[in-house]
Amino acid sequence: MASITTADFRNGMGLKIKDKYYTIVEFQHVKPGKGGAFVRYKTKDLKTGRVVENTCNAGSKFESVQLITNEMQYLYNDGADYIFMDNESYEQVPVPEDMVGENSKWLRENDTCQLLFADNAQLLYADTELLGVNPPMFIEAEVVETVPGAKGNTVQGATKPATIDTGAVVQVPMYLNEGERIKVDTRTGEFVQRL
């Protein structure tokens, strides 16, 4: 892996710090009137999603990591692993349940997802480290369970919980009923529109 300095920082760049993988969310070079220059930067832990703010001296060295995103089709869950297929090579990749984590509530068979790998993921999946699974940004789903909307309940912005066909629970407007199709933003878990 290549060694870089703070002068090489770019938003979205991958870093390896103490055997953990991060991306740079944002950074700022600061040159105060007194003292040496330093860099204030935010990194996102690719496994946990936690964003942390850090500072370091200008010119500090870091280990750079090439991040590769592969689009893969989600096939099925065999009880222990989620099975994804590379759309070009048709190679099937098992992903442990704990790696998919909370994103499992947005997965539906045959959906195209993005799998994030470190380094040479296109050579051999067995030789690379999977960093995360991202479901499609938006999904279309059917409301399978919710309380019926009451007449006269027209409070602006009022919502109610609804279970969609993937098993996730989202807040939807009061006027929606079971059987209706909606669009959901998987990044925030919010209702976008009725279809």
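This section reports on the structure supplied with the text. (Residues numbered from 1 in each chain as written. Predicted model: local features only at pLDDT ≥ 70, side-chain atom pairs only at ≥ 80, totals over all residues. Heavy atoms only, no water.)

Moving on: the sheet that holds strand 4 (residues 38-45). Sheet strands line up and pair through hydrogen bonds in the backbone, either parallel or antiparallel. Ordered in space as 1-6-2-3-4-5, the six strands form an open sheet in which the pairing is antiparallel. Among the strands making up the open sheet, the edge pair consists of strand 1 (3-5) and strand 5 (51-57). The average undirected angle you get between the axes of adjacent strands in this sheet is 50 degrees. Inspection of the sheet shows strand 4 paired to strand 5 by seven bridges, in the antiparallel sense. Residue pairing for strand 5: Val39 is matched across the bridge by Cys56. (Pairing = 2+ DSSP bridges. Helix = DSSP H or I, 4+ residues; strand = E, 2+ residues; numbered from the N terminus. Axes fitted to C-alpha atoms, helices over the stretch in contact; angles between N-to-C directions.)

As a further point, take unusual backbone geometry. For Lys18, which is not glycine, the phi dihedral falls at a positive 50 degrees. In this structure, Asp19 is a non-glycine residue whose phi angle is positive, near 60 degrees. Residue classification places Asp19 among the exposed residues on the basis of a relative accessible area of 67%. (Buried < 20%, exposed > 50% of the residue type's maximum accessible area, 1.4 Å probe, protein only.)

A few words on the environment of Trp106. Considering the arrangement of structural elements, one finds Trp106 in the loop between helix 1 (97-100) and strand 10 (112-118). Take Trp106: its relative accessible area is 4%, and that puts it in the buried class. The spatial distance from the C-alpha of Trp106 to the C-alpha of Phe117 is 20 Å, given a sequence separation of 11 residues. Excluding residues that lie within four positions of it along the chain, Trp106 makes contacts with Asp111, Pro135, Ile139, Ile164, Thr166, Ala168, Val170, Val184, Thr186 and Gly189. (Contact = heavy atoms within 4.5 Å.)

Considering the arrangement of structural elements, one finds Glu145 in strand 12 (residues 138-146). With relative accessibility at 51%, the residue Glu145 sits in the exposed group. Each C-alpha atom of the pair Glu145 and Gly179 lies 8.2 Å from the other, and the pair is 34 residues apart in sequence. Not counting residues up to four positions away in its chain, the partners in contact with Glu145 are Pro161, Ala162, Thr163 and Glu178.

Right, let's talk about a nonpolar patch on the surface for a bit. A surface patch of nonpolar side chains, about 250 Å² in accessible area, is lined by Met137, Phe138 and Val192. Along the chain, Phe138 turns up in strand 12. (Patch = residues over 30% accessible without salt bridge, like charges linked within 9 Å, V, L, I, M, F, W, Y side chains within 5 Å. Areas by Shrake-Rupley, 256 points an atom, 1.4 Å probe, with all protein chains shown as cover. Salt bridge = Lys/Arg side-chain N within 4 Å of Asp/Glu carboxyl O.)

All right, on to the sheet that holds strand 7 (residues 67-77) then. On the basis of which strands lie adjacent, the open sheet formed by five strands has the order 9-8-7-10-11 and antiparallel pairing. Because the sheet does not close on itself, it has two edges, and the strands there are strand 9 (92-96) and strand 11 (129-134). Here the average twist between neighbouring strands, direction ignored, is 40 degrees. As paired strands, strand 7 and strand 8 (residues 81-86) are joined by five bridges and run antiparallel to one another. Within strand 8, the residue paired with Asn77 across the bridge is Tyr82.

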